[in-house]
Amino acid sequence: MVQPLLKYPDSRIRLISANVRFFNEELLQWVNDMVDTMKANDLEALSAIMIGIQYSVIVIKEGDEYFPFINARLIKCSGQTTQTERSLYYDGISVDVDRFENVTVVFENEKGEPQYKDLCGDLARVFQHHLDYCFGSTFVDRVDKEMKQRINDHLEFGLIANGSACPMVFVRDYFKRGAKYVMSIITVSFIIPFFISDELRQILYQIDFYLLLLVPLLMIAYFFYAFYESRIYKQCTSCQLGNIVGTTAIMSLQLIIVALGVFFWIAP
């Protein structure tokens with residue numbers, strides 16, 4: 001079934017597409033709707049978010065065939081080329097955009113089977129253009145500040161804000177950084193007993209002990225805030241459950257090592 005395309009100023013274009021976790025009739029219907037919409041609008045490619053489906057699905061036309069790229073990621077890029085691009089979303093706007101000339105893509109087909117494909121030239125550019133949509137971005141995010149301002153001034157309501165796109169810095173990282181700084185300070189203190197008396201060593205032990213208590217609090221704050229951010233930034237790689245648990249496990253191991261140093265070396 002042909003679906004309406006998102007057009008400016010619909011803010012849904014800035015939503016980050018979630019990974020597809022199911023491969024069933026519903027997914028096949030989405031792909032069929034995307035193909036029907038492409039045929040009706042004479043399109044060479046389409047991202048699912050362009051018809052309001054917030055999942056990482058791209059369909060690209062090659063010859064007379066339509067190929068779905070599900071949960072696609074770039075794993076290899078080479079060359080660079082600059083060409084004029086247009087957007088279905090920002091009607092009537094065209095800008096010069098830098099893209100990789102050759103890309104290797106890993107993805108899944110409609111059955112959930114892992115695939116990879118090398119794309120070159122125009123096909124690589126089209127794919128990159130539509131992959132941007134999956135991450136809450138558009139081609140105007142790839143131009144310089146001056147051009148972006150010109151586009152903003154041209155549009156009736158200005159450029160649509162980035163919404164929930166992955167930030168450059170996560171709040172949880174401050175908790176992780178704080179825990180690492182505290183453990184680093186404690187580790188550096190391990191050389192001090194060589195140069196101080198037993199009385200000063202007792203004071204050093206007390207300082208290290210209280211600093212050590214601070215680390216688990218920072219780790220707990222990191223763990224729970226990371227889960228909070230994972231709900232907001234579902235598509236970001238660093239927001240996945242495995243990454244959060246793995247990071248917490250590494251910090252826990254580091255804490256154990258530092259704690260052993262405090263209790264068996266610093267303690268008078």
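The sections below set out a description of the structure shown in this document. Because the structure is a prediction, the values reported are computed rather than measured. (Residues numbered from 1 in each chain as written. Predicted model: local features only at pLDDT ≥ 70, side-chain atom pairs only at ≥ 80, totals over all residues. Heavy atoms only, no water.)

### Brief notes about the packing of aromatic side chains
The relative placement of two aromatic rings is captured by the distance of their centres and the angle of their planes. The condition that has to hold: Working definition: rings of Phe, Tyr and Trp (its six-membered ring) pair if their centres are within 6.5 Å, and the pair is stacked with planes under 30 degrees apart, edge-to-face with planes over 60 apart, and tilted otherwise. Under the scheme used here, helices are H or I runs from DSSP no shorter than 4 residues and strands are E runs no shorter than 2 residues, and both carry numbers assigned from the N terminus. For the exposure calls, accessible area comes from a 1.4 Å probe over protein chains only, and a residue counts as buried if that area is under 20% of its type's maximum, exposed if over 50%, partly exposed in between.
This structure, assessed with the given rule, holds 18 aromatic pairs. Here the aromatic rings of Phe69 and Phe107 are separated by 4.5 Å at their centres, their planes lie at 45°, and the arrangement is tilted. In this pair, Phe69 is assigned in strand S3 (residues 65–78) and Phe107 in strand S6 (residues 102–108), connecting sequence segments 38 residues apart. For Phe69, a relative accessible area of 1% translates into the label buried. Given a relative accessible area of 11%, Phe107 falls into the buried group.

### Here's the deal with the environment of Leu131
Convention followed: The contact criterion used is simple: two residues touch if any of their non-hydrogen atoms lie within 4.5 Å.
Here Leu131 lies in helix H2 (residues 121–134). On the accessibility criterion, Leu131 (9% relative accessible area) is buried. Sequence separation between Leu131 and Asn71 is 60 residues, and the spatial gap between their C-alpha atoms is 9.8 Å. Excluding anything up to four places from it in sequence, Leu131 contacts Ile58, Ala72 and Leu74.

### Details of the sheet that holds S6
Where we set the bar: In short, DSSP must find at least two bridges between two strands for them to pair. Between N-to-C directions, angles cover 0 to 180 degrees, with each direction set by a line fitted to C-alpha atoms, over the stretch in contact for helices.
Strand order in the open sheet formed by 5 strands is S1-S2-S3-S6-S7, with antiparallel pairing between adjacent strands. This sheet does not close on itself; its edge strands, each paired only once, are strand S1 (45–47) and strand S7 (114–120). Averaged over neighbouring strand pairs, the angle between their axes works out to 40° when direction is ignored. In terms of strand pairing, S6 meets S7 through 7 bridges, oriented antiparallel. Note that in S7 the partner of Val103 across the bridge is Leu119. Those strands touched by helix H1 (residues 25–41) are S1, strand S2 (57–62) and S3, and its axis lies near 45° from that of S2. Lying over the sheet, H2 contacts S1, S2, S3, S6 and S7, oriented at roughly 160° with respect to S2.

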